[in-house]
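# Fold and contact review
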Amino acid sequence: METIEAINTRRSIRHFKDEAIPDNVLKQILKAGCCAPSAHNSKPWKFVVLKGDKKDELGDMFLSISKEERYKEYTGFYVNRLLKYAGKMVKDAPVIVTVFNNGSFCESAGKYFRQSKKEALHIMEVQSIAAAIENMLLACHDRGLGAVWLGVPLLMPQEFIEDFFETKNELMAVIPMGYPLKTRLIEKKVDLDEHIVY
Ligand SMILES: Cc1cc2nc3c(=O)[nH]c(=O)nc-3n(C[C@H](O)[C@H](O)[C@H](O)COP(=O)(O)O)c2cc1C
């Protein structure tokens, strides 16, 4: 697929066929993520790939948090609903790629900057990781797979993320991926004038 065509026709896919992703295809997707540009070539991303029971366990965790009254202080009604859908997507998809920030850019570059500039370093880490995520979404689309970038799990209580993944790294995204149940053919409408000034 042409790059421009891939960019213009990619859509979020939230329902998947019960079909495994071949290992070589999954590797191509993960490599595309690792080929993203990053601040000072720091590659501050860490991908945790989940399949089978562990993946379903994550989906069940989203579903149980979304239901429980005592977690409303973290979630709120609307977020509860989104987390419930996220749980269903995680259980439905054959593979989940969870994306973490390992903090390596802040750690290596932090010593050269004043405190007031450290937030900018963190922004650059997040930007680098967002580029890796978009590369993976485009690579999925190119290979006939569908995927969706889930941000709502970031709103879960931090201790759940730390316990489940046994890491203090910052969760950036959860990406369910698989062969799409239906292909979305709705053409994206883009109003360039709304976003661009010459
Ligand atoms: C940072 C970020 C967070 C997102 N979080 C969610 C999410 O939690 N749940 C969801 O269903 N979609 C999520 N999305 C997908 C957006 O809803 C989707 O990209 C947007 O509606 C545009 O649709 P498209 O991807 O088909 O072009 C997220 C996208 C981004 C970039």
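Please refer to the structure higher up on the page.
Residues numbered from 1 in each chain as written. Predicted model: local features only at pLDDT ≥ 70, side-chain atom pairs only at ≥ 80, totals over all residues.

### Details of the overall build of the protein
Along the backbone of the protein there are nine helices and four strands. Along the protein, from the amino end to the carboxyl end, the secondary structure elements read α-α-β-α-α-α-β-α-α-β-α-β-α. A globule of 198 residues ought to have a C-alpha radius of gyration of about 16 Å, and the protein, at 18 Å, matches this closely. Within the span of the protein, comprising 198 residues, buried residues form 30% of the whole. (Helix = DSSP H or I, 4+ residues; strand = E, 2+ residues; numbered from the N terminus. Rg over C-alpha atoms; globule rule 2.2 N^0.38 Å. Buried ≥ 20, exposed ≤ 12 C-beta atoms within 10 Å, placed from the backbone.)

### Focus on unusual backbone geometry
The phi dihedral of N41 falls on the positive side, at around 55°, and the residue is not glycine. Secondary-structure assignment places N41 in the loop between α2 (23-34) and β1 (45-50). Judged by local crowding, N41 falls into the exposed class, with 8 C-beta atoms found within 10 Å.

### Considerations on the site of the ligand
Neighbouring residues of the ligand: R11, S12, L82, A86, V148, W149, L150, G151 and V152. Along the lines of polarity and charge, the residues of the shell around the ligand split into six nonpolar, two polar and one charged. (Near = placed C-beta within 6 Å. Nonpolar A, V, L, I, M, F, W, Y, C, P; charged D, E, K, R; others polar.)

### Considering the sheet that holds strand β3 (residues 146-147)
Pairing is antiparallel across the open sheet formed by four strands, whose spatial order is β1-β2-β4-β3. Only two strands of the sheet have a single neighbouring strand rather than two, namely β1 and β3. Here β1 pairs with strand β2 (residues 95-101) via six bridges, running antiparallel. The residue bridging V49 from the neighbouring strand is V97, located in β2. (Pairing = 2+ DSSP bridges.)

### Observations concerning the environment of E2
Structurally, E2 can be placed in the segment before α1 (3-9). According to the C-beta neighbour criterion, E2 is exposed, with 9 such atoms within 10 Å. Between the C-alpha atom of E2 and that of D142, which follows or precedes it by 140 residues, the distance is 8.6 Å.

### Overview of α2
Here α2 is 12 residues long and its end C-alpha atoms lie 16 Å apart, about the 16 Å a rise of 1.5 Å per residue gives. Where α2 is concerned, the buried positions are L26, I29 and G33. One face of α2 carries all of its buried residues, which in axial projection span an arc of 60°. Away from the buried face of α2 by more than 90 degrees, exposed residues N24, K27 and K31 are located. Those residues of α2 that are buried lie in contact with β1, β2 and α7 (118-142). (Expected span 1.5 Å × (residues − 1). Arc of directions from axis to C-beta. Contact = placed C-beta atoms within 7 Å.)

### A word on the nonpolar core
If you look at the biggest cluster of nonpolar residues, it comprises 40 residues, and the most contacted ones within it are I96, V99, M136, I175 and M177. Setting aside residues no more than four positions away along its own chain, M136 makes contact with I29, A32, G33, V97 and I175. (Core = buried A, V, L, I, M, F, W, Y, C linked by C-beta atoms within 7 Å.)

### Here we look at the pairing of β2
Of all seven residues that make up β2, six are buried, and the element is covered over most of its length. Pairing between β2 and strand β4 (residues 170-178): seven bridges, direction antiparallel. The residue bridging F100 from the neighbouring strand is L171, located in β4.

Nothing here speaks to function; it is geometry throughout.
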